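Coordinate analysis (summary)
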Amino acid sequence: MSGWHIPDDLRERYLEGALEPALAMSVDAHLGRCADCRAAVPYDQDWLDESWARLETELITPRLSLAERLLRHGGVPDHLARLLSATPTMSRSWLAAMVAVLAFAVLAARAQADYLPAFLIVAPVLPLAGIALAYGTRVDPAHELVAATPMSGPRLLLTRATAVLAVSAALAGLASPLLPAPPGLAAAWLLPALAAASGCLALSNRLPVPMAALSMVGVWLAIVGAGRLIGSWLAVFGPAPQIGYGVAAVLLTYRFYRVSAR
């Protein structure tokens, strides 16, 4: 078979795309080994050179997305900027949903001051939705590729969770001045959000990330419900609970590091 070459009729059918997949693959394999048959296949040299030039441009100097450019201008290392800009949590659909929820909470609070707790209750759990979509085989198309890199595992999850928290804090921070409340009260959601995110990371060592996020939503709603039983929705945002949220965030983050390092 070493002296066999592709017949003219077979080559014509191959060029027309009329071959069955298995036979076309066989022809491809033969062309890769036989210089004479490759030379018999017509091609446009200008088109080929242009195609290679475009391919090299995309591989060597790919166009940067707006998010990646902003991250790089903000001092984020190039490899982290590329990783974060490709994260599903940074997608327009999730950001649009978060803006819609915040807008609804702010409008409700401005319409009637009694609805202010709606903003404070919703804001801490918004980052959990993003964290749930930040890592895993079902939500990240590049999960298998990234899993083979030094950035995989807990480090990647923590990096993406930090990005989600930063975006959530920025959006909720923009919404806070629109609330009919003192700045201190409007920012009372920050430590609960940090504690909920830290709890989600700690639980991710035992549960899938979406389940860990959902569990922390349940814990937060239970805390809010307990505060309502005490007498006020705002009871869970007082000085003592805020200290508890801060301590919990530190301890849970430390536990996440300890367990992940084993």
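Here is a short report on the structure shown in this document. (Residues numbered from 1 in each chain as written. Predicted model: local features only at pLDDT ≥ 70, side-chain atom pairs only at ≥ 80, totals over all residues. Heavy atoms only, no water.)

**Thoughts on empty space enclosed by the protein**
- Using the criterion set out here, one finds one cavity of 30 Å³ or more in the structure.
- Taken as a whole, the largest cavity encloses approximately 30 Å³ of empty space.
- As for the largest cavity, its lining consists of Ile6, Arg11, Tyr14, Val27, Leu31, Cys37 and Val41.
- At the level of secondary structure, the elements contributing two or more residues to the lining of the largest cavity comprise helix 1 (8–16) and helix 2 (21–33).
- Of the residues in the lining of the largest cavity, the class split is six nonpolar, no polar and one charged. (1 Å grid on protein atoms, 1.4 Å probe; cavity = no way out; pocket = protein on both sides within 12 Å on 5 of 7 lines; lining within 4 Å. Points joined across faces, edges and corners; volume = space filled by probe spheres on them. Helix = DSSP H or I, 4+ residues; strand = E, 2+ residues; numbered from the N terminus. Nonpolar A, V, L, I, M, F, W, Y, C, P; charged D, E, K, R; others polar.)

**Here's the deal with the packing of helix 13 (residues 190–203) against helix 14 (residues 209–230)**
- Following both chains from N to C, one finds helix 13 and helix 14 inclined at 140°, their axes separated by 8 Å at the closest point. Classified by the angle between their axes, helix 13 and helix 14 sit oblique to one another. Relative to helix 14, the crossing made by helix 13 is right-handed. Across from Pro192, Ala195, Ala196, Gly199, Cys200 and Leu203 in helix 13, the residues of helix 14 making contact are Val209, Ala212, Ala213, Ser215, Met216 and Trp220.
- Residue composition of the contact of helix 13 with helix 14, grouped by class: 10 nonpolar, two polar and no charged. (Axes fitted to C-alpha atoms, helices over the stretch in contact; angles between N-to-C directions. Parallel < 35°, antiparallel > 145°, perpendicular 65-115°, else oblique. Left-handed = near helix turned anticlockwise from the far one by under 90°. Contact = heavy atoms within 4.5 Å.)

**Let's talk about the packing of aromatic side chains**
- Under the definition given, this model contains two aromatic pairs.
- Taking 5.8 Å as the distance between ring centres and 70° as the angle between the ring planes, the aromatic pair formed by Trp220 and Phe237 counts as edge-to-face. Of the two residues, Trp220 is situated in helix 14 and Phe237 in the loop between helix 14 and helix 15 (239–260); the sequence distance between them amounts to 17 residues. When sorted by exposure, Trp220 lands in the same class as Phe237, which is buried.
- Ring geometry for Trp220 versus Tyr245: centroids 6.0 Å apart, planes at 65°, classification edge-to-face. One end of the pair, Trp220, is in helix 14; the other, Tyr245, is in helix 15, with 25 residues separating them in the sequence. Tyr245 matches Trp220 in its accessibility class, with the two residues each being buried.
- Aromatic rings pair up to connect Trp220, Phe237 and Tyr245 into one cluster. (Phe/Tyr/Trp six-rings, centres within 6.5 Å; stacked < 30°, edge-to-face > 60°. Buried < 20%, exposed > 50% of the residue type's maximum accessible area, 1.4 Å probe, protein only.)

**A word on the side chain of Ser198**
- Locating Ser198 in the fold gives a position in helix 13.
- Look at Ser198 and you get buried, because its relative accessible area is 4%.
- A polar contact of 2.9 Å, which involves the side chain of Ser198, links it to the backbone oxygen of Leu194.
- Apart from the residues lying within four places of it in its own chain, the contact partners of Ser198 are Ala249, Leu252 and Thr253. (Polar contact = N/O pair within 3.5 Å; in protein donor to acceptor, adjacent residues only side chain to side chain.)

**Points about the state of the cysteines**
- In total, this model carries zero disulfides according to the counting rule given.
- Left unpaired, Cys37 is separated from the closest cysteine sulfur, that of Cys34, by 3.6 Å. (Disulfide = S-S within 2.5 Å.)

**Points about the nonpolar core**
- Core analysis: the largest hydrophobic core is formed by 39 residues, its most contacted members being Phe119, Leu128, Ile131, Cys200 and Trp220.
- Within the residue set of this core, elements represented by two or more residues are helix 7 (92–111), helix 8 (116–122), helix 9 (126–132), helix 11 (154–175), helix 13, helix 14 and helix 15.
- Not counting the four nearest positions on each side in its chain, Leu128 is found in contact with Ala196, Ala197, Cys200, Ala213, Met216 and Val217.
- With nine residues, the next largest nonpolar core counts Leu10, Ala24, Leu31 and Cys34 among its residues. (Core = buried A, V, L, I, M, F, W, Y, C linked by side-chain atoms within 4.5 Å.)

**Some words on the environment of Val164**
- Topologically, Val164 is positioned in helix 11.
- Expressed as a C-alpha distance, the spacing of Val164 and Ile131, which sit 33 residues apart in the sequence, is 6.5 Å.

**Thoughts on the pattern of salt bridges**
- For the structure shown, the criterion picks out one salt bridge.
- Residue Asp8 is joined to Arg11 by a salt bridge in which the shortest nitrogen-to-oxygen separation is 2.6 Å. Taken as a pair, Asp8 and Arg11 lie in helix 1 at a separation of three residues, close to a single helical turn.
- Here Asp8 falls in the exposed class, since its relative accessible area comes to 52%. (Salt bridge = Lys/Arg side-chain N within 4 Å of Asp/Glu carboxyl O.)

**Digging into helix 14**
- Relative to the 32 Å expected for 22 residues at 1.5 Å per residue, helix 14 spans 32 Å between its end C-alpha atoms, a close match to the ideal helical length.
- Residues Val209, Ala212, Ala213, Met216, Trp220, Val224 and Gly227 constitute the buried set of helix 14. An end-on view of helix 14 places all buried positions within 115° of arc, on one side of the element. Of the residues in helix 14, the exposed ones pointing more than 90 degrees away from the buried face are Leu214 and Leu229.
- Phi for Gly231, located one or two positions after helix 14, is positive at around 150°. (Expected span 1.5 Å × (residues − 1). Arc of directions from axis to C-beta.)

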